[in-house]
Amino acid sequence: MDKTSYKFEIVLPPSPMPSQPNANEILTEDSSHHYLNDLRWKDKEDAKKWARERGKSIMCVIVYNGSTNDRHFQMVCECSGESKSHVKKGTLYEPKTNRKNTTFTKKTKCPFKLQFKHNKKSVKSEEWYWYLEKVVCGRHNHPTPDTLLSHPYAARLNDEENSL
């Protein structure tokens, strides 16, 4: 009788990445005081630019989240939200190879959010302006980087550089 030896290999699932914290874990101090002000902007783009510059000064990349209507908009941390699957809904995903997928996402459901509002200056005046209504949440659930040098945000060209 032939003795056949079998070799078994135990495959463990990959451990979670240390750079991806839990969604409910708060890692930074409250930065609300950094954004609170009485400034007013005539243009929505000026308000967005101000928020991005304030965030950049404390190593936080802030992006436009969208508006609920034409009188409100929100700016959030680039890590807010969840990653979306690119596979069409209702279809079964079949991998083309047996290779493991080693990609990861920046999205950590970061709760940081600024809310801006469009309002009249006064009852007598017909001048409209944008202002920071409130800092919904001033905390982040991910570590802030020491520098933005290797960050894709820092690699973007400004209007002057694009014109060259």
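What about the packing of aromatic side chains?
For step 1, the next point in the chain: This structure, assessed with the given rule, holds eight aromatic pairs.
For step 2, the next point in the chain: When the ring of Trp41 is compared with that of Trp50, the centres are 5.2 Å apart and the planes differ by 45°; the resulting orientation is tilted.
For step 3, the next point in the chain: With centroids separated by 4.8 Å and ring planes inclined at 5°, the aromatic side chains of Phe73 and Phe116 adopt a geometry described as stacked. Of this pair, Phe73 sits in strand β2 (residues 72–77) while Phe116 sits in strand β3 (residues 113–120), and the two are 43 residues apart along the sequence.
For step 4, the next point in the chain: What makes Phe73 buried here is its relative accessible area of 1%.

Thoughts on the side chain of Gln74
For step 1, the next point in the chain: Tracing the backbone shows Gln74 in strand β2.
For step 2, the next point in the chain: Apart from the residues within four sequence positions on either side, Gln74 is in contact with Val63, Tyr64, Asn65, Gly66, Lys113, Leu114 and Gln115.

Structural notes on the pattern of salt bridges
For step 1, the next point in the chain: Scanning the model with the defined rule gives two salt bridges in all.
For step 2, the next point in the chain: A salt bridge links Lys48 to Glu45, with the nearest nitrogen and oxygen atoms 3.3 Å apart. Of the two residues, Lys48 and Glu45 are both situated in helix α2 (residues 44–57); the distance of three residues between them amounts to about one turn of the helix.
For step 3, the next point in the chain: Look at Lys48 and you get buried, because its relative accessible area is 9%.
For step 4, the next point in the chain: Classification of Glu45 as partly exposed rests on a relative accessible area of 42%.

A few points about the confidence of the model for the protein chain
For step 1, the next point in the chain: Mean pLDDT over the protein chain works out to 77, with 71% of the residues at or above the 70 mark.
For step 2, the next point in the chain: Mean pLDDT values over the elements of the protein chain span from 68, in helix α4 (residues 159–163), up to 91, in β2.

Here we look at unusual backbone geometry
For step 1, the next point in the chain: Here Met59, not a glycine, exhibits a phi torsion of approximately 60°, which is positive.
For step 2, the next point in the chain: Classification of Met59 by relative accessible area gives partly exposed; the value is 28%.

Re the side chain of His118
For step 1, the next point in the chain: Tracing the sequence through the fold places His118 in strand β3.
For step 2, the next point in the chain: Apart from residues no more than four positions distant in its own chain, His118 is found in contact with Asp70, Arg71, Trp128, Tyr129 and Trp130.

Overview of α2
For step 1, the next point in the chain: Spanning 14 residues, α2 covers 20 Å between terminal C-alpha atoms, matching the ideal 20 Å at 1.5 Å per step.
For step 2, the next point in the chain: The set of residues buried in α2 consists of Lys44, Ala47, Lys48, Trp50, Ala51 and Gly55. Down the axis, α2 shows its buried residues gathered within 160° of arc, on one side only.
For step 3, the next point in the chain: Immediately downstream of α2, the backbone of Met59 shows phi near 60°, a positive value.

Thresholds applied
Residues numbered from 1 in each chain as written. Predicted model: local features only at pLDDT ≥ 70, side-chain atom pairs only at ≥ 80, totals over all residues. Heavy atoms only, no water. Phe/Tyr/Trp six-rings, centres within 6.5 Å; stacked < 30°, edge-to-face > 60°. Helix = DSSP H or I, 4+ residues; strand = E, 2+ residues; numbered from the N terminus. Buried < 20%, exposed > 50% of the residue type's maximum accessible area, 1.4 Å probe, protein only. Contact = heavy atoms within 4.5 Å. Salt bridge = Lys/Arg side-chain N within 4 Å of Asp/Glu carboxyl O. pLDDT = per-residue confidence, 0-100. Expected span 1.5 Å × (residues − 1). Arc of directions from axis to C-beta.

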